[in-house]
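# An overview of the molecular structure
So you can see what is in the structure, the chains are spelled out below.
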Amino acid sequence: MSSAPLESLSVLEAIRAGRPVESVVHPELAQAPSVIEARDFSLWYGKAKTIHEVSMGVPRGKVTALIGPSGCGKSTMLRSINRLNDLIDGVRIEGDISLNNEPIYSPDVDVIELRKRLGMVFQRPNPFPMSIFENVVYPLRIDGERRKPVLREACERALRAAALWDEVKDRLSGPALSLSGGQQQRLCIARAVVADPEVLLLDEPCSALDPLSTIRIEELIHEISSRYTVLIVTHNMQQAARVSDFTAFMYLGRLVEYGPTATIFQNPRLPETEQYVTGRFG
């Protein structure tokens with residue numbers, strides 16, 4: 001039996017069948033200067049290809065959300081930007097990703113220096129078993145900063161940026177692990193921004209939090225987006241609609257549709273995107 005022609009398949013059926021599909025990228029993206037640019041980027045874990053020829057820019061000074069079903073490659077794509085996938089045996093890539101027009105996979109790239117330019121916050125809060133103060137200034141200490149006035153000023157600035165200063169200013173020497181889950185995640189955001197990164201990467205930062213803490217983190221994302229470019233992976237459609245300026249829908253490692261968030265949720269080009277954002281599958 002011959003396989004169905006591509007024209008007779010939906011976009012998602014074509015992807016499931018292993019057929020190449022062209023991503024729908026809205027024209028507004030071409031008008032937005034990008035701080036991150038992926039070009040035909042693919043990634044394999046051993047023989048398994050998990051990212052397929054993704055080309056997309058991340059607009060400077062905006063919040064961009066990556067959405068899609070579990071296992072669609074959102075977190076893999078995010079971690080490719082600060083090369084965390086390098087830590088996994090058997091990973092190889094094709095194509096490239098650039099940060100401010102500098103290719104991040106060039107052989108001469110210092111990965112440690114690259115990661116200093118990219119703040120990262122994970123799904124679960126991961127404060128270190130040390131004081132609140134030392135958690136925040138840790139990136140500066142490992143970079144050689146020892147001047148106490150500089151560290152104190154940076155700590156306060158980062159905690160204020162993370163909307164946590166008023167809650168912890170009188171107990172900076174206390175253990176970070178004594179904070180609530182939501183406070184710990186805001187502490188991790190403070191730690192991620194203390195060195196003033198070019199981009200803040202958030203990998204489902206609210207998935208382990210209660211609804212009230214989630215609201216606080218969403219408010220925080222809105223506040224810090226005036227100072228940082230933010231790329232967030234989220235499985236929560238309502239969250240993506242609330243916090244982001246642009247949304248990219250991924251499926252089985254491919255970029256399906258990418259555009260302004262309001263358009264993606266209210267008037268997407270593809271029926272498959274509408275079906276996903278309205279909860280008909282996923």
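Residues numbered from 1 in each chain as written. Predicted model: local features only at pLDDT ≥ 70, side-chain atom pairs only at ≥ 80, totals over all residues. Heavy atoms only, no water.

## Section: the environment of glutamine 183
Rule in force here: Here a helix means four or more residues in a row that DSSP labels H or I, a strand means two or more in a row labelled E, and each is numbered from the N terminus. The criterion used for residue contact is that any of the two residues' heavy atoms lie within 4.5 Å.
With respect to the element layout, glutamine 183 can be found in helix α7 (residues 181-193). Taking the C-alpha atoms as reference points, glutamine 183 and tyrosine 258, separated by 75 residues in sequence, lie 32 Å from one another. Residues in contact with glutamine 183, not counting those within four places in the same chain, are Leu164, Glu167 and Arg171.

## Describing the layout of surface pockets
Formally: Lining residues are those with an atom within 4 Å of a point, where the points come from a 1 Å grid over the protein atoms alone and group into cavities, where a 1.4 Å probe fits but cannot get out, or pockets, open sets with protein on both sides within 12 Å along at least five of seven lines. Grid points are joined across faces, edges and corners, and a volume is the space filled by probe spheres set on the points. Gly is put with the polar residues, along with every residue not named as nonpolar or charged; the nonpolar set is Ala, Val, Leu, Ile, Met, Phe, Trp, Tyr, Cys and Pro, and the charged set is Asp, Glu, Lys and Arg.
Looking at the largest pocket, its volume works out to about 680 Å³. Lining of the largest pocket is provided by 22 residues; of these, Arg115, Lys116, Leu118, Pro139 and Ile142 occupy positions nearest its centre. Contributing elements (two or more residues each) for the lining of the largest pocket: α3 (111-116), β7 (118-121), α4 (132-142) and α7. Residue composition of the lining of the largest pocket, grouped by class: 15 nonpolar, three polar and four charged.

## What to know about the sheet that holds strand β2 (residues 34-45)
Put simply, the rule reads: By the convention used here, strands pair only if DSSP detects at least 2 bridges between them.
Read across the open sheet, the four strands follow the order β3-β2-β5-β6; overall the sheet is antiparallel. Pairing within the sheet leaves two strands with one partner each, and these edge strands are β3 (48-59) and β6 (102-103). Where strand β5 (residues 91-99) lies against β6, two bridges are found, and the strand directions are antiparallel. Within the sheet, the bridge partner assigned to serine 98 lies in β6 and is proline 103.

All quantities given are derived from atomic positions and should not be read as evidence of function.
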